[in-house]
Amino acid sequence: MSYSGATQSIVQTITAALKDKPGALLPILHDVQNALGYIPAECVPDIASALNLSRAEVHGVISFYHYFRDTPPGKKTIQLCRAESCQAMGGKLLEEHVKATLGIDFHETTADGQFSLEPVYCLGNCACSPAMQIGKDIYGRVSTAAFDAAINSTGESA
Amino acid sequence: MSVTVYVPNDSSAVSLGADRVAIAIMAEAKKRGIEIDLIRNGSRGLYWLEPLVEVATSAGRTAYAPVQVSDVVGLFDANFIEGGHHALCLGLTEELDYFKKQQRLTFARVGKTDPLSLDDYIQQDGYRGLSNALSLAPADIVKRVTDSGLRGRGGAAFPTGIKWNTVLNTPSAQKYIICNADEGDSGTFSDRMIMEGDPFVLIEGMTIAGLAVGATQGYIYLRVEYPHAHIALNSAIATAYQADYLGDNIQGSGKKFDLEVRLGAGAYVCGEETSLMESLEGKRGLVRFKPPLPAISGLFGQPTVVNNVISLASVPIIMDKGGEYYRDFGLGRSRGTLPMQLAGNIKHPGLVEVAFGMTLRELLYDFGGGSASGRPIRAVQVGGPLGAYLPESQFDTALDYEAFAAIWTVLGHGGVVAFDDTVNMAEMARYSMEFCAIESCGKCTPCRIGSTRGMEVMDEILNGQDLAKNIPLLRDLCNTLLNGSLCALGGMTPYPVLSALNHFPEDFGIHDTANVA
């Protein structure tokens, strides 16, 4: 994917607005990912020069944090909790079902580009385990049937 | 005349359909020409009952739960807006046993008020602590917090007053207050409940901390997995600025305190305070060596208070009612209350704020009602992914920092995850090593490499390979992690691993317990 002028302009606008904040890099990366869905490798030099950092430093930060991604996600990102509380309530069986239904593993995107699947280590919804989040929508006590219903309804609205 | 109806906006309640229920109630009310004043409150913390709908009646707030969209028409038919009888009616909310048996100090308002209403906050005793603090000298604020016996609720249980005193006595032109809201432990959600259900109490606590130590800038480092809390905090902060509870001239005192929310990006290790500060500075979240202590050289090299959400949210009531009031709850060196969080395979999961001293068994059975599956509870992990697993023989341990430490376990942030007898504890031990490998910041060798080697050893153990060699190897590796790691991630991963091995050796293929040691 090429780094279009429009994309570059979005990145430069975000960077210009935030670069003078103390510790500006994470806020900038969040805004870029919110705007574009991911952080294209091509925008690293622009961010680095605005903050007077090396490209390696910016790349190092992007790669350190699980949440930041450098590839485009599917239309909806499914975050499935793998942590202990969800495991205690059948999270592993749900995980197998989710992977089989979507035909992908964690960190992958379905061939039709609809869904990306990411593991998450706790959504703070442990009193309603197992939990997942699709886009910004949170789900609790997720059964395999509830998962199927959720992706069917978001699939239609997507 | 309008009727006040409460439908929680707490993200767990929303995950069970609270938004849809709220919409359905308003639509049905409109159809029937009934005027409803809908308040989206926080959760009362009785999560097996969510969505828990409340109606303000002359007798008090009446609960109907759990309510699904399909119940709404029936509730109106039963005249629930006047507390009418219905199969889902539970009576007065505050008379429910689970709620009544608690001592809610830090969570006094959560679930009761409209979280985003400053008026509601003030009417319910909010900002009385700040008002007292504004009339006190910094050292006297610190003394009151020290007198309360409050210890860090994030997990390390370090006395809050002592930390504040160090920052107060370290001269600097710029000091910082950081709220650690990177609540990453599985089984914990008390920080989230405060931020979604009573955000002003956290803002007030941080403002008081700023006055106490002479810090003018605060940051809430919030995990990105909490989008609802992010919205609530930003809204409450904007309101607090408008009403001069934040900014250059707090309530006309001439004192300044600014506050901003910064988002993490999915790194568990950033809950460690030095890693958190690196992240706030815009860097990889690599753990720093200590000393220097953050209280002396913290964020951007300046003296910094780093406290957990619950610690800071407990400060307003201490400043309002006095250190002694808070200290009179609890026992020994564990003073005040601890908001415990019941999760995992438990019939009645939720938030239980009680004074220190109750036993784990009382929490699991009197509050929790036993397992959700109806099978025996076999193991309980207390204190998050770095906390030990307790077998039934340890359930009579009192919830008290020292009592837990005495049996090589931790209370941590108060998370309790129950497992029934279908759990394989060797698999849980493997998961602990895997989690450490995924989340290690990579700075120190024991954690970075030891966790991956630990996973490999656990794979062999799970395959029943060469136990005579692998069990001692696992113990040796845990010993290295325990003593050689830079922070608690590597240093405490042995807690769940070794407690699983020691208490549940049969899951590791060891049937002759003489060989366990």
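Here the structure is a predicted model, which is why all the values come from computation and not from measurement. (Residues numbered from 1 in each chain as written. Chains lettered and ligands numbered in written order. Predicted model: local features only at pLDDT ≥ 70, side-chain atom pairs only at ≥ 80, totals over all residues. Heavy atoms only, no water.)

This next bit is on the interface of chain B and chain A. With 62 residues of chain B in contact, the opposing surface of chain A contributes 38 residues. Taking both sides of the interface into account, the surface hidden between chain B and chain A amounts to around 3,700 Å²; carbon and sulfur atoms contribute 57%. On the chain B side of the interface with chain A, the three residues burying the most area are A265(B), R284(B) and Y431(B), jointly 16% of the side's total. Where chain B meets chain A, there are three salt bridges. Taking the shortest distance from any N to any O, the salt bridge between K21(A) and E260(B) comes out at 2.6 Å. Summed over the shared surface of chain B and chain A, the number is 26 residue pairs in polar contact (both at pLDDT 80 or more). Of all the elements in the fold, those that place two or more residues in the side of chain B that touches chain A are helix 1 (11–15), strand 7 (217–222), helix 11 (227–242), strand 8 (258–263), helix 12 (273–280), strand 12 (337–344), strand 16 (415–420) and helix 17 (425–439) of chain B. (Contact = heavy atoms within 4.5 Å. Buried area = accessible area lost by both parts, 1.4 Å probe. Salt bridge = Lys/Arg side-chain N within 4 Å of Asp/Glu carboxyl O. Polar contact = N/O pair within 3.5 Å; in protein donor to acceptor, adjacent residues only side chain to side chain. Helix = DSSP H or I, 4+ residues; strand = E, 2+ residues; numbered from the N terminus.)

This part covers the sheet that holds strand 9 (residues 304–308) of chain B. Residue and element names in this part refer to chain B. Spatially, four strands are ordered 8-7-6-9 in an open sheet, and the strand pairing comes out parallel. Looking at which strands have only one partner, the edges of the open sheet turn out to be strand 8 and strand 9. Within this sheet the neighbouring strands show an average axis-to-axis angle of 20°, counted without direction. Direction of pairing for strand 6 (residues 176–181) relative to strand 7: parallel, over a ladder of six bridges. Among the inter-strand pairings, A181 is bridged to a residue of strand 7, identified as L222. Running at roughly 150° to strand 6, helix 10 (residues 199–213) makes contact with strand 6, strand 7, strand 8 and strand 9 of the sheet. The sheet contacts of helix 13 (residues 309–321) involve strand 6 and strand 9, and relative to strand 9 the element is tilted by about 95°. (Pairing = 2+ DSSP bridges. Axes fitted to C-alpha atoms, helices over the stretch in contact; angles between N-to-C directions.)

With that settled, the discussion passes to the environment of A343(B). The topology assignment puts A343(B) in strand 12. When the C-alpha atoms of A343(B) and A488(B) are compared, they prove to be 23 Å apart, with 145 residues separating the residues in sequence. Once residues lying within four places of it in the same chain are set aside, the contact partners of A343(B) are S85(A), C126(A), A127(A), G187(B), F189(B), V416(B), V417(B) and A418(B).

All names here are of chain B. Tallied over the entire structure, the rule returns 20 aromatic pairs over all chains. Ring centres of Y121 and Y127 lie 5.3 Å apart, and the angle between their planes is 85°; on these two criteria the pair is classed as edge-to-face. Judged on exposure class, the residue Y121 and its partner Y127 are both buried. Judged by centre distance (6.1 Å) and plane angle (25°), the ring pair of Y431 and F435 falls under stacked. (Phe/Tyr/Trp six-rings, centres within 6.5 Å; stacked < 30°, edge-to-face > 60°. Buried < 20%, exposed > 50% of the residue type's maximum accessible area, 1.4 Å probe, protein only.)

All names here are of chain B. With 18 residues, helix 19 (residues 467–484) extends 25 Å from end C-alpha to end C-alpha; this agrees with the ideal 26 Å at 1.5 Å per step. Three or more residues of helix 19 are buried, namely N470, I471, L474, L477, C478 and L481. For helix 19, the angular spread of buried residues about the axis comes to 125°, placing them on one side. Across from the buried face of helix 19, at angles greater than 90 degrees, the exposed residues are A468 and N483. Buried residues along helix 19 sit in contact with helix 17, helix 18 (445–462), helix 20 (488–492) and helix 21 (494–503). (Expected span 1.5 Å × (residues − 1). Arc of directions from axis to C-beta.)

Residues and elements named next belong to chain B. For helix 17, spanning 15 residues, the distance from its first C-alpha to its last is 21 Å, which sits close to the expected 21 Å at 1.5 Å a residue. Along helix 17, 11 of the 15 residues are buried, which leaves the element largely enclosed by surrounding structure. Taken together, the buried positions of helix 17 are occupied by M425, A426, M428, A429, Y431, S432, M433, E434, F435, C436 and E439. Two or three places before A426, at the start of helix 17, stands the capping residue N424, its side-chain oxygen 2.9 Å from that residue's backbone nitrogen.

Of all hydrophobic cores here, the largest spans 80 residues; its most connected members are I47(A), Y65(A), L474(B) and F508(B). Broken down by element, this core gets its largest block of residues, eight residues, from helix 17 of chain B. When residues no more than four places from it in sequence are discounted, the contact partners of I47(A) are V11(A), T15(A), L25(A), I28(A), L29(A), V32(A) and V58(A). Core analysis: the next-biggest nonpolar cluster, separate from the first, contains 69 residues, A133(B), L202(B), A236(B) and Y326(B) among them. (Core = buried A, V, L, I, M, F, W, Y, C linked by side-chain atoms within 4.5 Å.)

Residues and elements named next belong to chain B. One open sheet accounts for five strands, arranged 2-1-3-4-5; its pairing is mixed. Strand pairing shows two members of the sheet lacking a second neighbour, strand 2 (36–39) and strand 5 (89–92), which therefore form its edges. Strand-to-strand twist in this sheet, taken as the mean axis angle between neighbours without regard to direction, amounts to 25°. Note: strand 4 (residues 60–64) against strand 5, three bridges, orientation antiparallel. By the bridge assignment, T62 is partnered in strand 5 with L92.

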